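Letter by letter, the chains look like this.
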Amino acid sequence: MSCPSPVLHSMYADGALPAAEAATLEQHVATCTACRARMESWRGEREALRGALHALDDLAPIPDFVPQPRQGGFIALALTVLALGGFSTTFWSGLAASIPIGLRWLNPFDWGELAERAVDLVTFMLYEGTAMWTATLNIIAVVIVVGFAGWLAAAAARKRTVVGAFAVLLAVVTALPSIGHAFERREGELVTVAADETINDTLLAAGETVSIDGNVNGDLLAFGRSVTVRGNVTGNLISAAETVRVEGTVGGSVIGAGRALSLTNTRIGGDLYGFGRDLELGAGADVSGNAIAFGQNIDMDGRVGVDFTGFAETLTIGGAVDGDVVGYGATVTLLPSARVSGDVIGHVDSAGDLNIASGAVVRGNIDEQLVEPEERRNRYLTVGFYTGQIVRLGAAFVTGLLLFWLFPVLRDVSLPDAGAVLRSGGIGLAAAVTLPVAALVLCLTIVGLPIGLLAFALGAVGLYFSKAVVAQIVGRRVFQAPQGPPHFAATLLAGLVIVMVVINLPFIGGIVDIVLTLVGFGIIVSLLTARFNRGSLA
Amino acid sequence: MTKEAAFAEGYAAHYRQVRGLCRQLLGSAERAEDAAQEAFARAYRTLPSYDTAQPFAGWIMSIARNHCFDLLRRRGRDPLVFGTEADETAAAETADADGFGVVLGAERAAAVNAAVALLPERYRVPLALAYYADADYDEIAVTLGITRTHVGTLLCRAKQMLRRALAEDLS
C-alpha cells in the first residue's frame, strides 16, 4: 500500500480524520518508517501553531472605545435650544455672560449691538453697495470666506501643510464656473500683472504670491499667501491672504482679510472692510467712504472720509476721520495727530481705557462707554454673587446632563497629557477666531445673513457647552473610585463645582476661564470634525 | 445586565482576541487595529438586535471575521479564491513539499507570525481560522464555501509553506 498523502497526515495531526480513516493511517504508520517519522514530527504542530499565533496578542494596549459621534445631533440640539430660547433676551444675555470677558472682543455678542451693526451694514450695502453685490460675487464671497476660514483653521490647528489646505482653497476658487459674468482668471505660484498691463475685465488672481502692478478695469479678486496691489483697480478689491498690501488706487471698495493687512499711500474710492490680526492704515492712505475694521491690533494713521468703526484689542488712531469714530476694544487710543470731525465713542473694558492724547482734535462729543461696569472688586461680598453662581451652576449642570445624555462620546473624552490640552486649546482658539470672522463676513452678503447669524449662535452655544465638557474631564480625573467608573452625572457635578470655583478666583480666574473654554471648545470642534475617533484625543 | 454593560464587558474581555484574529486574517498589525475598532463599532450599532443569551465572544468574532473578509475582497484583487482541490492536493504531494527537518515550534513565535503574514490569502485565511480562532474543519468549510477535504488540503499546504519559510529563515 502506498504512503498516504501529506494531506491525510496533516488532517490526522489536526484530529480531523474520521475514525475509520484514522485507524487505517495508524495501521500503515506502524509498518512505514518514513510515515512514522512524519507523524511524529507533526504531532505537536497544532498546539505549537496555536501558541505561536496567540503569542503576540498582549503586546499592544487596548484603546478606549468611542462610539461614533452623531454630528447631526449636535446641530439638532443647538437648533432646538435656539428655537426654544432664541426669542428671549434673557437667554441671549445669559449666553453672552457665560462667554469669558477676554473672548468677548472676538465675539461681539452683545445681541443688541450686533443686531444694530448688522442692520447698519445691510442698509449701507443696499443703498451704496449695490454695484459691488452682483449675484455672482455673493456666491463667490461666501465660498471664498468659508474656504479661507478652513485654511486658517488648518494652518493654525493641524500640522497638515498649509499648502495642502491652500490647494483646496485654490481648487474651490478656480473650479467656480463663470456664471454669465465673464472674468479673467490667473492662477499659479506667482501671479503678476505688469505695470504697463491693463485688464479690461474683472480679474480673479489666485496664487502663492500675487503682485498686481498694472491696471484692472473691473473688480479684482486676489487670494494667496501674499497679495500686493500697487496698480489701479477701477472696481472693487476683494482679497484674502496671509499678508495683504494695498498701495495703489481702488475706485470702489476694499474687502481685505488676512493675518496682516496694510494700506499705504492708497486711495480708496469706496469703503474699506478689513479683517485680520494686524491692520494698518498708513499715513498716506485715504478712504473716501467708511472704514470698518476687525482685528487684534488696528493702527489708523490715514484718512477716512466718513465713519471709522473698529473692533480690536488695541485700537490706535492717529489719522483723520471726517465722520465719527466708534471703537470697541480693550484700549482705544487717539494719538496727538488724530483729527476727528465727528464724535468719538469708545466701548472699552474699564474707565481710562479710552485715551485721548493732548493734541488730538475731536470736534464732536467724546463718549466712553464701559462694556463691563466696574464692580468686580466688591462682588465677593455680595450674596447676589453667590446665588448667581449657584444658579449658573445649576443651569450648566442641567444642560450638561442633557448634552452627555445625547452624546455619550463626550462622557469619556480625556486629556492624557499637556500636549493634548495644548492641542485642544489651539483648535479651540482657531475655531473661536475664524468662526466669528467668517460669520460676520457672511452677514455682509445679503444671501448669507441668516447663515452668518446662525453660525454666530451655534458658536456661542458651543462655547457655552465647552465648560461642561471640561468639567466632565476634570470630574473624572478627580473621581478615582475603586468600584469602577462613577456615573457621569456625579463627575459632571463635581467637575462643574471645581471649574466654577476656579474661574471665579481673583486675578487668575479670567485667564483660566478663557483657557478652559477654549480647550472645551476645541474638543467639541475636534469631535465634530473627526469621522471616527479612536482612543482619547491624544 | 443591560446590553450596554454587556458590550463594555465584552469589549474589555475580547478586544485582544478580535484584534489578533484580524491581524492573522489581514496579515498586518496596523490594519488589524482599525479592523478591530470597526468590528466593535458595527457591533455597537447593531446592539439593539443582540440577544444577551448568545455568547458575546462568538458574536463579535463572527462580525470581525466578516469585516476582514470584506476588506480582503475589497483590496482590489480577485475575490477570495481558494484554488481547486485537485491543484492543491497535487502541490501538497510533490517530493520535497513537506520541508522536513523544521518543526513549527512555539518558541519561534515572532518568525512564525511574520511567515504567516506573508502567506497568500488562500492559505492564511484557513490557517487563521483553524489555529487562531479554533474553528473545526466543518465550520471552516461552511464559512469559506469549500469542501472539508479542500480545507484539509489548504491547511496542509499552509503548514508546508510555513515550514519552508522557517527553514530558509534559519539558514
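Since we're looking at a predicted model, the values are computed, not measured.

Draft legend 1. Representation of the overall build of chain B within the structure. Helix and strand content of chain B: eight helices and zero strands. Order of helices (α) and strands (β) in chain B, N terminus to C terminus: α-α-α-α-α-α-α-α. The buried share of chain B, reckoned over its 171 residues, is 50%. Carbon and sulfur atoms provide 54% of the accessible area of chain B, an area that totals close to 7700 Å².

Draft legend 2. Molecular detail of the overall build of chain A. Within chain A one finds 14 helices and 23 strands. The 538 residues of chain A split such that 49% are buried. By sequence separation, contacts in chain A at least 24 residues apart represent 33% of the contacts at least 6 residues apart. For chain A, the exposed area adds up to about 24100 Å²; of that, 62% sits on carbon and sulfur atoms.

Draft legend 3. Layout of the sheet that holds strand β2 (residues 198–199) of chain A. Pairing in this open sheet of 10 strands is parallel, and the strands run β2-β4-β6-β8-β10-β12-β15-β17-β19-β22 (chain A) from one edge to the other. On the outer flanks of this sheet lie β2 and β22 (361–362) of chain A, each paired with one strand and no other.

Draft legend 4. View of the packing of aromatic side chains. All names here are of chain B. Counted by the stated rule, this structure contains 13 aromatic pairs over all chains. Here the aromatic rings of Phe7 and Tyr44 are separated by 5.1 Å at their centres, their planes lie at 65°, and the arrangement is edge-to-face. Of this pair, Phe7 sits in helix α1 (residues 3–26) while Tyr44 sits in helix α2 (residues 29–45), and the two are 37 residues apart along the sequence. Judged by its relative accessible area of 3%, Phe7 falls in the buried class.

Draft legend 5. Highlighting the packing of helix α3 (residues 56–74) of chain B against helix α6 (residues 121–131) of chain B. All names here are of chain B. Where α3 meets α6, the closest approach of the two axes is 13 Å, and the angle between their N-to-C directions is 175°. Of the possible angle classes, the one that applies to α3 and α6 is roughly antiparallel. Across from Arg65, Phe69 and Leu72 in α3, the residues of α6 making contact are Glu121, Arg124, Val125 and Leu129. Residue classes in the contact of α3 with α6 are distributed as four nonpolar, no polar and three charged.

Draft legend 6. The arrangement of the nonpolar core in detail. If you look at the biggest cluster of nonpolar residues, it comprises 69 residues, and the most contacted ones within it are B:Val18, B:Leu25, B:Phe40, B:Val125, B:Leu127 and B:Leu144. With 10 residues, α3(B) is the single largest residue contributor to this core. With residues near it in sequence (within four places) discarded, B:Phe40 still touches A:Phe65, B:Phe7, B:Gly10, B:Tyr11, B:His14, B:Tyr15, B:Val18, B:Phe56 and B:Ile60. Judged by nonpolar contacts, the second largest core, of 47 residues, contains A:Val233, A:Leu263, A:Val304 and A:Ala338.

Draft legend 7. Up close: the interface of chain B and chain A. Chain B puts 44 residues into the contact, and the matching count from chain A is 32 residues. Around 3600 Å² of area is buried between chain B and chain A when both sides are counted, 61% of it from carbon and sulfur atoms. When the area that chain B buries against chain A is broken down by residue, the three leading residues are B:Arg16, B:Gln37 and B:Tyr131, summing to 18%. Linking chain B to chain A there are four salt bridges. Measuring nitrogen to oxygen at the nearest pair gives 3.5 Å for the salt bridge that ties B:Lys159 to A:Asp14.

Draft legend 8. Broad picture of the pairing of strand β5 (residues 220–229) of chain A. Residues and elements named next belong to chain A. Within β5, nine of the 10 residues are buried, leaving the element largely enclosed by the surrounding structure. Pairing geometry for strand β3 (residues 202–212) and β5, over nine bridges, is parallel. From the neighbouring strand, Val210 faces β5, where its bridge partner is Val227.

Draft legend 9. Local environment of the pattern of salt bridges. All names here are of chain B. Inspection of the entire model under this criterion finds 23 salt bridges over all chains. Residue Asp138 is joined to Arg148 by a salt bridge in which the shortest nitrogen-to-oxygen separation is 2.9 Å. Of this pair, Asp138 sits in helix α7 (residues 137–144) while Arg148 sits in helix α8 (residues 148–170), placing them 10 residues apart in sequence. Given a relative accessible area of 42%, Asp138 falls into the partly exposed group.

Draft legend 10. Here's a closer look at the environment of A:Val332. Residue and element names in this part refer to chain A. Of note, Val332 is situated in strand β18 (residues 325–334). According to the relative accessible area criterion, Val332 is buried, its value standing at 1%. Along the chain, Val332 and Ile298 lie 34 residues apart, while their C-alpha atoms are 9.7 Å from each other. Look past the residues within four positions of Val332 in its chain and what remains in contact with it is Leu315, Gly327, Val348, Asp353, Leu354 and Asn355.

Draft legend 11. Fine view of unusual backbone geometry. The phi dihedral of A:Asn265 is positive, around 45°, even though this residue is not glycine. When you line up the elements, A:Asn265 lands in the loop between β9 (254–263) and β10 (267–268). In this structure A:Asn265 comes out as exposed when scored by relative accessible area, which is 58%. One non-glycine residue, B:Asp134, adopts positive backbone phi at about 55°. Within the fold, B:Asp134 resides in the loop between α6 and α7. You can call B:Asp134 partly exposed: its relative accessible area is 37%.

Reading the values: rules and limits
Residues numbered from 1 in each chain as written. Chains lettered and ligands numbered in written order. Predicted model: local features only at pLDDT ≥ 70, side-chain atom pairs only at ≥ 80, totals over all residues. Heavy atoms only, no water. Helix = DSSP H or I, 4+ residues; strand = E, 2+ residues; numbered from the N terminus. Buried < 20%, exposed > 50% of the residue type's maximum accessible area, 1.4 Å probe, protein only. Areas by Shrake-Rupley, 256 points an atom, 1.4 Å probe, with all protein chains shown as cover. Contact = heavy atoms within 4.5 Å. Pairing = 2+ DSSP bridges. Phe/Tyr/Trp six-rings, centres within 6.5 Å; stacked < 30°, edge-to-face > 60°. Axes fitted to C-alpha atoms, helices over the stretch in contact; angles between N-to-C directions. Parallel < 35°, antiparallel > 145°, perpendicular 65-115°, else oblique. Nonpolar A, V, L, I, M, F, W, Y, C, P; charged D, E, K, R; others polar. Core = buried A, V, L, I, M, F, W, Y, C linked by side-chain atoms within 4.5 Å. Buried area = accessible area lost by both parts, 1.4 Å probe. Salt bridge = Lys/Arg side-chain N within 4 Å of Asp/Glu carboxyl O.

Read these as geometric descriptors, not functional statements.
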